[in-house]
Structure formats: C-alpha cells, structure tokens
Amino acid sequence: MNLRDKLRGLLVRLYARRVEGHLDHAQVPGHIGVIMDGNRRWAKAAGSTTVHGHRAGAEKIEEFLGWCSETEVEVVTLWLLSTDNFDRPQDELGPLLGIIEDVVRTLAADGRWRVHHVGTPDLLPSQMQMALKEAAEATAHVDGILVNLAIGYGGRQEIVDAMRSMMLDAADKGTSIEDLAESVTIDAIGRHLYTGDQPHPDLVIRTSGEQRLSGFMLWQTAHSEYYFCDVFWPAFRKVDFLRALRDYAARHRRYGG
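This one's a predicted model, so the numbers in the text were calculated from it and none came from an experiment.

Structural notes on the sheet that holds strand β6 (residues 225-228)
Logical step 1: The sheet built from six strands is open, its strands ordered β3-β4-β2-β1-β5-β6 with parallel pairing. Where the open sheet ends on each side, the last strands, each with one partner, are β3 (113-118) and β6. Ignoring strand direction, the axes of neighbouring strands in this sheet form an average angle of 20°.
Logical step 2: Sheet topology note: the β3/strand β4 (residues 145-153) ladder contains six bridges and is parallel. Its bridge partner being in β4, V115 is matched across the sheet by V147.
Logical step 3: Sheet strands touched by helix α5 (residues 126-139): β3 and β4. Its angle to β3, the strand with the most contacts, is close to 145°.

Here's the deal with the pattern of salt bridges
A side chain with one charge can pair with a side chain of the opposite charge if their charged atoms come near.
Logical step 1: Enumeration over the complete set of coordinates arrives at 17 salt bridges.
Logical step 2: Between R164 and D161 there is a salt bridge, with its nearest N and O atoms 2.9 Å apart. Taken together, the positions of R164 and D161, both in helix α6 (residues 155-172) and three residues apart, correspond to about one turn of that helix.
Logical step 3: Residue D240 pairs with R237 through a salt bridge whose shortest N-O separation is 3.1 Å.
Logical step 4: Owing to a relative accessible area of 2%, D240 belongs among the buried residues under this scheme.
Logical step 5: Given the relative accessible area of 34%, R237 is considered partly exposed.
Logical step 6: Overlapping salt bridges, with partners in common, bring together D37, R41, R206, E210 and R212 in one network.

Cut-offs and rules
Residues numbered from 1 in each chain as written. Predicted model: local features only at pLDDT ≥ 70, side-chain atom pairs only at ≥ 80, totals over all residues. Heavy atoms only, no water. Pairing = 2+ DSSP bridges. Helix = DSSP H or I, 4+ residues; strand = E, 2+ residues; numbered from the N terminus. Axes fitted to C-alpha atoms, helices over the stretch in contact; angles between N-to-C directions. Contact = heavy atoms within 4.5 Å. Salt bridge = Lys/Arg side-chain N within 4 Å of Asp/Glu carboxyl O. Buried < 20%, exposed > 50% of the residue type's maximum accessible area, 1.4 Å probe, protein only.

Written as structure tokens, this is what we have:
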C-alpha cells in the first residue's frame, strides 16, 4: 500500500468517526434489508473471476453484521440468492451455492446471530436445506440480531406461497371457500409470509448503483425507506453504512414531524 492509499484510508476512517459521532441512535432503523448487488462487476473491475467476487461479497457479511450490532438494529435481511439466479450457468451457480452454504454455517457457528431462512426451500439442494435447518436450530436460543437469509427468494413467489399456506390451513380446518374469502386480510396474509410476525424493514439498502427493487420483499417494504449506494457490495465500507443510517434518520425526522 502506497502513501496515497494510506492517507486516503485514514481520511475515510476519520470521516466515518465524524459521521458516527453525529448519528442519532434514537432514529436507527430496527430492521434493515440489504440487496447485496455488484459482486460480479466488482470482480470484473478488479480483473478477477466471478467466483472471487462472490467470495469477497460473502466475506463482507460478517463485517456488516458487526456494524449493525454496534447500533440498535434488531433484524437484518440479506438477499443472497434470488429465484432468478437459478438461470445462471452451472459453472457459476454451483460455486455460488457452495459459497452461500459456507456463509450459513459460518454465521451459525459465530454465536452472535439468530439465523432464519426466507425463501422457497424446495428450490434448494438438499445439502443447503439441511444447512439452513441446522443453522436455525443451533441459533434459536441466541439473543442477538435476527438474520434473515433470503436464499432462493422471490417477492412474488413469497406472496404466492403465503396464499397457498392460508388455503392449506383453511382446508385442514374444514373452512368453506366463502369463510376463507371473508378471512383474507392484510394481517392474515402477513402472518403467512416467510417473515411471519417479524417487523417489516424500516430501511432497504441496495449497493452497486442500481435503483430498482428486483422483487425484494414486495409486501413488507410498502412503507420502507430506500437507500441506493453506488459502491459494489464487496467494497461497501462502514462509512457507507453510516451514511445510509444518517440519511434514514434525516428522512424519518422529516416525515414524522
């Protein structure tokens, strides 16, 4: 690392401390959703392979959760794999699934996080399903941040699965179609989502400069604030995280007052 890079790093750290010092912790979002975008473009810009980009993105997760633990954040939802990602070439999808499985096991072994899967389990390989089940069971007692791992996740599919779950429950109880129709409410559908009775995201962060939702938590984010960051996910820094929190706090005060 040359002198210029060292000075730049020092200035970024000093700026991050300044932003953190002015952060209103009373306005920190309770639930943050993250669309972790830009792994492949980061790798391409670095002259590296796509798989290396995915590994670098995976390594950023624990660091990000550490930043969240320093605030009042209670729930974090991380979108690791969408339903659309299964259309990727097998030479990319296979290693990506392996990297994600390592993430699941690493977070479970850490001991600080309570792990919960959101997504359609049937889309995933049996080994991944087992890793997610074991992680949830092993961390069920943890009194830390609830980490939703969105793997094999699609927002529209979640709503379809919620409605299917409602109908199956009604069938088990012998409920008529007329009574089922009467029982369909916003709260009832919400209870059948992957996130169940969890609080909805207050803030959704998307990295890489893309400004679209891509189907992320379509139901739960109806009233969420969004923060779009130009930085690719592997390069996402604490100062970027703090800027997102500062921006959210400013909006929250304005809309609430």
